[in-house]
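Observations on chain architecture
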Amino acid sequence: MTATYPQVLLEHRKPDRITTLAEYREAGGYEALRQVLTEMDRQEVKKRLADALLLGRGGAGFPAGIKVQTVAEDAPFPRYMVCNADEMEPGTFKDRVFLHAEPHMLIEGMTLAAYSIKASHGIIFIRPEYESAARILEREVGIARQEGLLGERILDSDYDFEIVVHRSGGRYICGEVTAQINALQGIRPNPKQPPPYATDKGLWGKPTLINNVETLACIPHIVRNGAQWFKDLALSPEAAGTKLFCVSGKVNQPGCYELPLGVKLSEIIETCCGGMKDGAAFKACLPGGASTGFLTADHYHIAMDFDSLKKAGNRLGTGAVMVFDHHTCMVAATLNLTEFFARESCGWCTPCREGFPYLQDLLRRIENGQGEADFIPMIKTMCRHLWKSYCAFAPGGVAPIESLLKHFEDEVMAHIEGKGCPFKK
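A brief look at the structure comes next.

Taken as a whole, the second largest pocket encloses approximately 300 Å³ of empty space. For the lining of the second largest pocket, the element with the highest residue contribution is helix 17 (residues 399-407), accounting for five residues.

Laid out in structure tokens, this is it:
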């Protein structure tokens with residue numbers, strides 16, 4: 001681990017247990033909430049978030065400060081605050097690591113965000129496989145309530161806010177905002193195209209603010225230390241804050257690392273992860289989970305921040321770096337991801353429902369030695385059709401396929417011409 005970079009979200013992370021409420025408060029926890037309830041008004045909280053340039057850490061990178069400002073002052077009550085802990089993107093596990101380290105940081109962040117929009121009800125929407133994290137959150141929410149940090153008249157103020165933990169029924173699509181709202185209401189979790197937006201009409205037709213776990217965890221630090229402090233954490237001048245990067249694949253030390261936005265990909269792999277496994281050569285990686293495109297060796301020293309990856313025609317996504325070495329068959333890796341998206345499509349629209357099984361079949365036949373040269377233009381055409389789907393699920397799912405053909409078309413042709421996978425010989 002690079003010792004020179006400040007740790008913010010994982011500063012007090014312990015190897016075998018969570019940070020207790022007493023330990024969290026000793027380190028300055030809930031001081032931001034006390035400050036807000038006694039010294040600041042809601043507009044000041046919103047301004048501080050906007051000035052900090054906090055971008056959503058759940059994948060989309062939407063400015064958190066703008067999102068809170070979209071809840072109108074005269075919007076109806078009750079208003080809802082939802083924490084999206086439905087972390088089902090393949091290769092992504094940062095929220096799980098965080099929830100087992102700092103549950104009260106999330107609780108405080110949710111309460112601050114809720115206060116800024118006058119929300120009275122909070123919901124943590126968590127994937128069912130995270131049962132241990134759900135139990136931790138339920139227990140610590142209860143402890144926070146007992147200590148006057150949640151519930152009625154928080155810290156003897158006139159503000160009331162309650163949090164409940166809701167376990168998802170499963171399925172990747174539930175991580176999409178509008179599908180998540182449907183799931184919470186007991187409706188089939190198909191996405192909806194806005195308008196209206198959730199901050200206008202969300203849960204039960206009321207204003208609803210939805211943020212990712214990591215995004216909400218940043219808020220207490222921004223409120224306590226200021227916007228400029230948060231921006232100064234990043235290495236890139238246009239970025240702000242730190243990022244939880246979860247690294248998996250062909251590296252010696254996979255894991256979750258808190259690093260400043262703008263850190264080089266090569267530094268993550270070589271310094272944090274101890275280099276490539278078994279002395280292999282770096283071939284490619286997905287920089288932000290399964291719904292991002294491949295970076296190649298030409299991008300090995302790219303700055304890992306939102307703008308740098310956008311300029312490279314890619315996305316930072318969730319910050320889940322999945323590393324592949326020179327022994328990896330990129331067709332097989334892409335097929336594995338496509339099988340996931342084919343299985344997880346909600347089936348609401350034709351391009352997504354029919355397109356992914358079609359792409360899966362073509363890639364499988366190529367990998368098994370049954371491919372033909374005309375499969376490549378067929379794949380490219382189908383990928384274009386999937387960009388016309390109802391929500392962002394399909395465009396994200398075809399990102400690895402499009403980048404496979406962009407960067408590794410010669411490898412695809414080797415499968416076709418050699419009637420089989422060259423990496424199995």
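Now that the structure has been shown, the text picks up again.
With that out of the way, let us pick up unusual backbone geometry. Glycine aside, negative phi is the norm for most residues, and most peptide bonds take the trans geometry. The step from Phe77 to Pro78 runs through a cis peptide bond, and the omega angle for that step is -5°. As for its position among the elements, Pro78 is in the loop between helix 4 (64-69) and strand 1 (80-85). In the segment running from Pro194 into Pro195, the intervening peptide bond is cis, with an omega of 0°. Residue placement: Pro195 occurs in the loop between helix 8 (177-184) and strand 4 (208-212). With a phi angle near 50°, Leu155 is a residue other than glycine that sits in the positive phi range. Residue placement: Leu155 occurs in the loop between helix 7 (131-146) and strand 3 (162-167). With a phi close to 65°, Asp156 is a non-glycine residue in the positive phi region. Its place among the elements puts Asp156 in the loop between helix 7 and strand 3.

What follows deals with empty space enclosed by the protein. Under the criterion given, the structure shown has one cavity of 30 Å³ or more. There is about 50 Å³ of room inside the largest cavity. Here the residues of the lining of the largest cavity are counted per class, giving nine nonpolar, one polar and no charged.

The subject of this paragraph is the pairing of strand 5 (residues 242-249). Strand 5 sits mainly inside the fold: six of its eight residues count as buried. Note: strand 5 against strand 6 (residues 255-260), six bridges, orientation antiparallel. By the bridge assignment for strand 6, Leu244 is matched with Glu258. The turn joining strand 5 and strand 6, which pair antiparallel and follow one another in sequence, is formed by five residues. Sheet analysis places strand 5 next to strand 9 (residues 320-325), joined by four bridges and oriented parallel. Opposite Ser248, over in strand 9, you have Met322 as the bridge partner.

Cut-offs applied
Residues numbered from 1 in each chain as written. Predicted model: local features only at pLDDT ≥ 70, side-chain atom pairs only at ≥ 80, totals over all residues. Heavy atoms only, no water. 1 Å grid on protein atoms, 1.4 Å probe; cavity = no way out; pocket = protein on both sides within 12 Å on 5 of 7 lines; lining within 4 Å. Points joined across faces, edges and corners; volume = space filled by probe spheres on them. Helix = DSSP H or I, 4+ residues; strand = E, 2+ residues; numbered from the N terminus. Nonpolar A, V, L, I, M, F, W, Y, C, P; charged D, E, K, R; others polar. Buried < 20%, exposed > 50% of the residue type's maximum accessible area, 1.4 Å probe, protein only. Pairing = 2+ DSSP bridges.

Coordinates in, geometry out; function isn't part of it.
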